Amino acid sequence: MEAEAARSADTHVLRVPLPGLRGIDLYVKDESAHSTGSLKHRLARSLFLYGLCNGWIAPHITIVEASSGSTAVSKAYFAQMLGLPFVAVVPASTTAEKIAEIARYGGHSHMVAQSSEVYAETAQTAATSNGQYMDQFTYAERATDWRGNNNIAQSIFDQLSLERYLVPTWIVVGAGAGGTSATIGRYLRYRSYSVRLCLADPEASVFHRHLADPSTTATNAVFLVERIGRGRLEPSFLPS
Ligand SMILES: *Cc1c(COP(=O)(O)O)cnc(C)c1O
């Protein structure tokens, strides 16, 4: 795992021109620029390290994960690297392209009809296959070393170190499992930055509804863009 990290480059921070807005600089951290082309490469790496150091991942273990696609691609990559079988439990709506990417890294996709069935089916698959359920939706927030170790927050601040504004006013982040927002939020407090953290969440999604009203933990939403927004309040999402 360490050798793979040493061979890999960090993702780019791209500057977005805003000719109409003087004095405002906008940057985009392009997390798709990892070797697998998946946004979830950093998360998958953290979850594998967490599983290895907890003793959950060992020889002859099958890695099992609930995913709508991107995380599974990165997990397939790391499982193949470690010589372990990988099974992704995915909703039937997952694109053929994603299934092919998972297969490219030796992973097997197990389809379920509804996305709501994914969690129980993944637990069942792990229980019957000498498997380890990686459970990104529970562990994403704690698997990442939030103080450093090239987490996404530390990477952003390092990459802005020669810009005219070293510390942003806002960092805007989406949420899937909640790991990225938790890591950035903790890092901002740890380093005593007065940066504000904005969660960008689709109207139909549950996260911003939960922030406004903690009793809201689910929506029956239909999402317009695959993977943007969630209907279930994931345990890994930390409003505080
Ligand atoms: C995964 C993902 C995020 C970040 O999600 P976390 O799981 O909360 O870290 C943001 N946007 C998109 C489109 C994603 O797929």
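Computed from a predicted structure; not experimentally measured.

Re the overall build of the protein
Along its length, the protein carries nine helices and eight strands. Summarising its shape, the C-alpha atoms of the protein cover approximately 55 × 45 × 30 Å along the three principal directions. A burial count over the protein gives 43% of its 240 residues as buried. Here the contacts in the protein between residues at least 6 apart in sequence split such that 64% fall between residues at least 24 apart. For the protein, the computed accessible surface area is about 12700 Å², with 54% contributed by carbon and sulfur atoms. If you average the places of the 21 positive and of the 21 negative side-chain charges in the protein, the two averages end up 5 Å apart.

Quick look at the sheet that holds strand 3 (residues 62-66)
In space, the four strands of this open sheet follow the order 5-4-3-6, with parallel pairing throughout. The sheet is open, and its two borders are formed by strand 5 (108-112) and strand 6 (131-133), each paired with just one other strand. With strand direction ignored, the average angle separating the axes of adjacent strands in the sheet is 25°. Pairing geometry for strand 3 and strand 4 (residues 86-91), over four bridges, is parallel. Its bridge partner lying in strand 4, I63 is registered against F86.

Observations regarding unusual backbone geometry
With a phi close to 70°, H60 is a non-glycine residue in the positive phi region. Structurally, H60 is set in the loop between helix 2 (41-53) and strand 3. Its identity as a non-glycine residue notwithstanding, D135 has a phi of 50°, on the positive side. Its relative accessible area of 15% is what places D135 among the buried residues.

Side note on the site of the ligand
As a matter of local geometry, the ligand sits amid L39, K40, G174, A175, G176, A177, G178, G179, T180, R227 and I228. Within the backbone of A177, a nitrogen or oxygen atom sits 2.6 Å from an oxygen atom of the ligand. Burial of the ligand by the surrounding chains reaches 82%, relative to a free accessible area of 380 Å². Within the shell around the ligand, the residues separate by chemical class into four nonpolar, five polar and two charged.

Describing the UniProt feature "domain: Tryptophan synthase beta chain-like PALP" (unreviewed entry) in the protein
Annotation from UniProt places "domain: Tryptophan synthase beta chain-like PALP" (unreviewed entry) at residues 17-229. Across residues 17-229, helical content stands at 38% and strand content at 15%; the span's end C-alpha atoms are separated by 27 Å.

Re the packing of aromatic side chains
Taken as a whole and judged by the stated rule, the model has 12 aromatic pairs. When the centroid spacing of 5.8 Å and the interplanar angle of 40° are considered together, the rings of F48 and F78 count as tilted. Within this pair, whereas F48 is found in helix 2, its partner F78 is found in helix 3 (residues 70-82), the two being separated by 30 residues in sequence. With relative accessibility at 0%, the residue F48 sits in the buried group. Pairing W146 with Y190 gives two aromatic rings, centres 5.6 Å apart and planes at 85°, and the pair type is edge-to-face. Of the two residues, W146 sits in the loop between helix 6 (136-143) and helix 7 (152-159) while Y190 sits in helix 8 (residues 179-190), which places them 44 residues apart along the sequence. Taken together, the aromatic side chains of W146, F157, Y187, Y190 and Y193 make up a single cluster linked through ring pairs. When the ring centre of Y119 is taken as reference, the NZ or CZ atom of R232 above it lies at 3.6 Å.

Observations concerning the pattern of salt bridges
What the rule picks out here adds up to 11 salt bridges. Across the salt bridge formed by R42 and E31, the nearest N and O atoms sit 2.8 Å from each other. One end of the pair, R42, is in helix 2; the other, E31, is in the loop between strand 2 (26-29) and helix 2, and 11 residues separate them in sequence. For the pair R42 and E31, a shared accessibility class is recorded, and that class is buried. Each of D10, K29, E31 and R42 takes part in a single network of salt bridges with overlapping partners.

Cut-offs and rules
Residues numbered from 1 in each chain as written. Predicted model: local features only at pLDDT ≥ 70, side-chain atom pairs only at ≥ 80, totals over all residues. Heavy atoms only, no water. Helix = DSSP H or I, 4+ residues; strand = E, 2+ residues; numbered from the N terminus. Buried < 20%, exposed > 50% of the residue type's maximum accessible area, 1.4 Å probe, protein only. Contact = heavy atoms within 4.5 Å. Areas by Shrake-Rupley, 256 points an atom, 1.4 Å probe, with all protein chains shown as cover. Lys, Arg positive; Asp, Glu negative; His and termini not counted. Charge placed at Lys NZ, Arg CZ, Asp CG, Glu CD. Pairing = 2+ DSSP bridges. Axes fitted to C-alpha atoms, helices over the stretch in contact; angles between N-to-C directions. Near = heavy atom within 4 Å. Polar contact = N/O pair within 3.5 Å; in protein donor to acceptor, adjacent residues only side chain to side chain. Nonpolar A, V, L, I, M, F, W, Y, C, P; charged D, E, K, R; others polar. UniProt positions renumbered as here; feature names shortened; annotations may be inferred. Phe/Tyr/Trp six-rings, centres within 6.5 Å; stacked < 30°, edge-to-face > 60°. Lys NZ or Arg CZ within 6 Å of the ring centre and 35° of its normal. Salt bridge = Lys/Arg side-chain N within 4 Å of Asp/Glu carboxyl O.

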